[in-house]
Amino acid sequence: MAENDSLSAELEGVRESLTNLENVLTEAGTDPEQIAAAMSGEGNADMFRASAAEQAEDFSDRVKSLLNLDEEDLEPIANQMSQEELVRIYQNSGNMQREKLLRSLTSERAAKLMKEVML
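Model, not experiment: these values are computed from the prediction.

1. Regarding the nonpolar core
Okay, step 1: One finds Leu67, Leu86, Ile89, Leu101, Leu105 and Leu113 to be the most contacted residues of the largest nonpolar core, which totals 15 residues.
Okay, step 2: Elements represented by at least two residues in this core include exactly helix H3 (45-67), helix H4 (71-78), helix H5 (83-91) and helix H7 (107-118).
Okay, step 3: For leucine 101, the contacting residues outside a window of four places in its chain are Leu67, Leu74, Ala78, Leu86, Ile89, Tyr90 and Leu113.

2. Observations concerning the pattern of salt bridges
Okay, step 1: Following the criterion strictly, the structure yields 1 salt bridge and no others.
Okay, step 2: Between glutamate 71 and arginine 103 there is a salt bridge, with its nearest N and O atoms 2.7 Å apart. Here glutamate 71 is found in helix H4, whereas its partner arginine 103 is found in helix H6 (residues 95-104), with 32 residues between them in sequence.
Okay, step 3: On the accessibility criterion, glutamate 71 (27% relative accessible area) is partly exposed.
Okay, step 4: Residue class for arginine 103 comes out partly exposed when judged on its relative accessible area of 49%.

3. Description of the packing of H5 against H7
Okay, step 1: Put simply, H5 and H7 touch, their axes get as near as 10 Å, and they point 65 degrees apart. Classified by chirality, the crossing of H7 by H5 is right-handed. Between H5 and H7, the residues in contact are Gln83, Leu86, Val87 and Tyr90 and Arg109, Lys112, Leu113, Met114, Glu116 and Val117, respectively.

4. Topic: the environment of isoleucine 89
Okay, step 1: Following the sequence through the fold, isoleucine 89 ends up in helix H5.
Okay, step 2: In the structure, isoleucine 89 is positioned 30 residues away from phenylalanine 59 in sequence and 8.8 Å away in space, judged by C-alpha atoms.
Okay, step 3: Residues in contact with isoleucine 89, not counting those within four places in the same chain, are Phe59, Val63, Leu66, Leu67, Met81 and Leu101.

5. What about the side chain of lysine 100?
Okay, step 1: Its place among the elements puts lysine 100 in helix H6.
Okay, step 2: Here lysine 100 is buried and forms no salt bridge, its nearest opposite-charge partner aspartate 70 lying at an N-O distance of 5.6 Å.
Okay, step 3: In contact with lysine 100, not counting residues within four places along its chain, are Leu67, Asn68, Leu69, Glu71 and Leu74.

Each value, and the rule that gives it
- Residues numbered from 1 in each chain as written.
- Predicted model: local features only at pLDDT ≥ 70, side-chain atom pairs only at ≥ 80, totals over all residues.
- Heavy atoms only, no water.
- Core = buried A, V, L, I, M, F, W, Y, C linked by side-chain atoms within 4.5 Å.
- Buried < 20%, exposed > 50% of the residue type's maximum accessible area, 1.4 Å probe, protein only.
- Helix = DSSP H or I, 4+ residues; strand = E, 2+ residues; numbered from the N terminus.
- Contact = heavy atoms within 4.5 Å.
- Salt bridge = Lys/Arg side-chain N within 4 Å of Asp/Glu carboxyl O.
- Axes fitted to C-alpha atoms, helices over the stretch in contact; angles between N-to-C directions.
- Left-handed = near helix turned anticlockwise from the far one by under 90°.
- Lys, Arg positive; Asp, Glu negative; His and termini not counted.

Quick look at the structure:
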């Protein structure tokens, strides 16, 4: 279930990025030079940076709410997550949250996670 929520959130982020790109292209009109400039991000870099920062902040908030759970509640959720999800959560967490995440995983999954983030 948490995996579905994560995927849904990422899909929504992609949709927002596509909508932003469509808006940029619409504003550029049909002039090929304007479209090329819009595609390369000229003049729109700030908009895309802001969108990326907002998505990172949203992810960080979701991670905080997940890692605020008691270890007993976190354990079954964390052990059902994909390795990619665990790495992303680990990389976007503080030290105490990382420790809690590792404690909630089986020893095999915790070791695999640590091997991956240490590379």
